[in-house]
Amino acid sequence: MIPSLSRLLTSAVLLLPGLALAHTGAEAHAHGALASGLLHPFTGIDHLSAMLALGAWSALVVRPLWLAPAAFVLMLAVGALAGFSGLAVPAVEPMIASSLLVLGLLVATRRGLPVALATALAGLFAFFHGAAHGGELATDFAGTGQWLALGGMVAATAALHGLGIVLGSRLFTHQRWLGVTAGGGVALLGSALLLRLA
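In this text, all values refer to a predicted model and were calculated from it rather than measured experimentally. (Residues numbered from 1 in each chain as written. Predicted model: local features only at pLDDT ≥ 70, side-chain atom pairs only at ≥ 80, totals over all residues. Heavy atoms only, no water.)

Draft legend 1. Structural context of the overall build of the protein chain. Of regular secondary structure, the protein chain possesses eight helices and zero strands. Per-residue burial over the protein chain gives 42% buried out of 198 residues. In the protein chain, 85% of the contacts between residues at least 6 apart in sequence involve partners at least 24 apart. Total accessible area computed for the protein chain in this model is approximately 9300 Å², and 73% of it derives from carbon and sulfur atoms. (Helix = DSSP H or I, 4+ residues; strand = E, 2+ residues; numbered from the N terminus. Buried < 20%, exposed > 50% of the residue type's maximum accessible area, 1.4 Å probe, protein only. Contact = heavy atoms within 4.5 Å. Areas by Shrake-Rupley, 256 points an atom, 1.4 Å probe, with all protein chains shown as cover.)

What follows is the structure, given as structure tokens:
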């Protein structure tokens, strides 16, 4: 089951760019909004790393393993709606950098947390990721386009969590050094972003 999930996620990611070129006119705008939302999580190393790290951490120690990713996706949507509305969310960039530092360390150390804390932590970080990306998408799209972009972003984020779960369960579980290396790399990225913001 896991290998077929891995192939499905990989195929979905490879097909995403084609959605942007599928139609013209008003339908193109709708497809453009959806494609933009789908591609948005892949355009920033910070979001991409956080999504994969959360999925890997969930596979390694969070039970049930879908809980933290589900909380993340839900609160990502809430944060994006805040960004769409123009709400000025403070400390977005430091919180995104902190999410990389914390999630990277959690993967590297395989640190488990109580279920409520794991869920709250995922939701907290997700709100700030959503606010940042929602604000960016709001400048490009309005009305229905925003909703399509949001749907695409949520779907892509869930797919990245799924890919992270595959990495965690198929690679990091059996090759501990890979998890330590990957988690350490994400934590270092978060640290570098925090230093740049200081």
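Draft legend 2. Focus on helix α4 (residues 67-84). With 18 residues, α4 extends 26 Å between its outermost C-alpha atoms, agreeing within 8% with the 26 Å of an ideal straight helix rising 1.5 Å per residue. Most of α4 sits inside the fold, with 13 of its 18 residues counted as buried. Looking one or two residues past α4, Gly86 carries a phi angle of roughly 85°, positive in sign. (Expected span 1.5 Å × (residues − 1).)

Draft legend 3. Here's a closer look at unusual backbone geometry. Here the residue pair Arg63 and Pro64 is connected by a cis peptide bond, since its omega of -5° sits within 30 degrees of zero. Relative to the helices and strands, Pro64 resides in the loop between α3 (45-61) and α4.

Draft legend 4. Here's a closer look at the packing of helix α5 (residues 92-109) against helix α6 (residues 115-140). Between α5 and α6, the shortest axis-to-axis distance is 9 Å and the interhelical angle comes to 140°. One finds that α5 runs oblique with respect to α6. Read as a crossing pair, α5 and α6 show a hand that is left-handed. Residue-level inspection shows Val92, Met95, Ile96, Ser98, Ser99, Val102, Leu103 and Leu106 of α5 in contact with α6, the latter providing Leu121, Leu124, Phe125, Phe128, His129, Ala131 and Ala132. Here the contact of α5 with α6 is built from residues that sort into 12 nonpolar, three polar and no charged. (Axes fitted to C-alpha atoms, helices over the stretch in contact; angles between N-to-C directions. Parallel < 35°, antiparallel > 145°, perpendicular 65-115°, else oblique. Left-handed = near helix turned anticlockwise from the far one by under 90°. Nonpolar A, V, L, I, M, F, W, Y, C, P; charged D, E, K, R; others polar.)

Draft legend 5. Fine view of the side chain of Ser58. Along the chain, Ser58 falls in helix α3. A residue is classified by how much of its surface remains accessible, and Ser58, at 0% relative accessible area, is buried. Ignoring sequence-local partners within four residues, the contact set of Ser58 consists of Arg63, Leu65, Ala68 and Pro69.

Draft legend 6. Region of interest: the packing of α4 against helix α7 (residues 144-172). Where α4 meets α7, the axes come as close as 10 Å, and the angle between the chain directions of the two elements is 155°. The orientation of α4 with respect to α7, classified from their angle, is roughly antiparallel. Regarding α4 and α7, the two cross each other, and that crossing is right-handed. For the pair formed by α4 and α7, the contact residues are Pro69, Phe72, Val73, Leu76, Ala77, Ala80, Leu81 and Phe84 on the first element and Gln146, Trp147, Leu150, Met153, Val154, Thr157, Ala158, His161 and Ile165 on the second. Residues belonging to the contact of α4 with α7 are distributed by class as follows: 14 nonpolar, three polar and no charged.

Draft legend 7. Quick look at the environment of Phe72. Summarising the element assignment, Phe72 is placed in helix α4. Look at Phe72 and you get buried, because its relative accessible area is 0%. Separated by 86 residues in sequence, Phe72 and Ala158 place their C-alpha atoms 8.8 Å apart.

Draft legend 8. Looking closely at the nonpolar core. In this structure, Leu54, Trp57, Phe72, Leu103 and Val107 are the most contacted members of the largest nonpolar core, which totals 35 residues. Those residues in contact with Leu54, other than ones at most four positions away along the chain, are Ala68, Pro69, Phe72, Leu103, Ala122 and His161. Counting residues in hydrophobic clusters, the runner-up holds seven residues, among them Ala82, Val89, Val92 and Ala131. (Core = buried A, V, L, I, M, F, W, Y, C linked by side-chain atoms within 4.5 Å.)

Draft legend 9. Main features of the packing of aromatic side chains. A complete count under the given rule lists one aromatic pair for this structure. Centre to centre, the rings of Phe127 and Phe128 are 5.7 Å apart; their planes meet at 90°, and the pair counts as edge-to-face. (Phe/Tyr/Trp six-rings, centres within 6.5 Å; stacked < 30°, edge-to-face > 60°.)

Draft legend 10. Representation of the environment of Val166 in the model. Residue placement: Val166 occurs in helix α7. Judged by its relative accessible area of 7%, Val166 falls in the buried class. Each C-alpha atom of the pair Val166 and Leu52 lies 9.5 Å from the other, and the pair is 114 residues apart in sequence.

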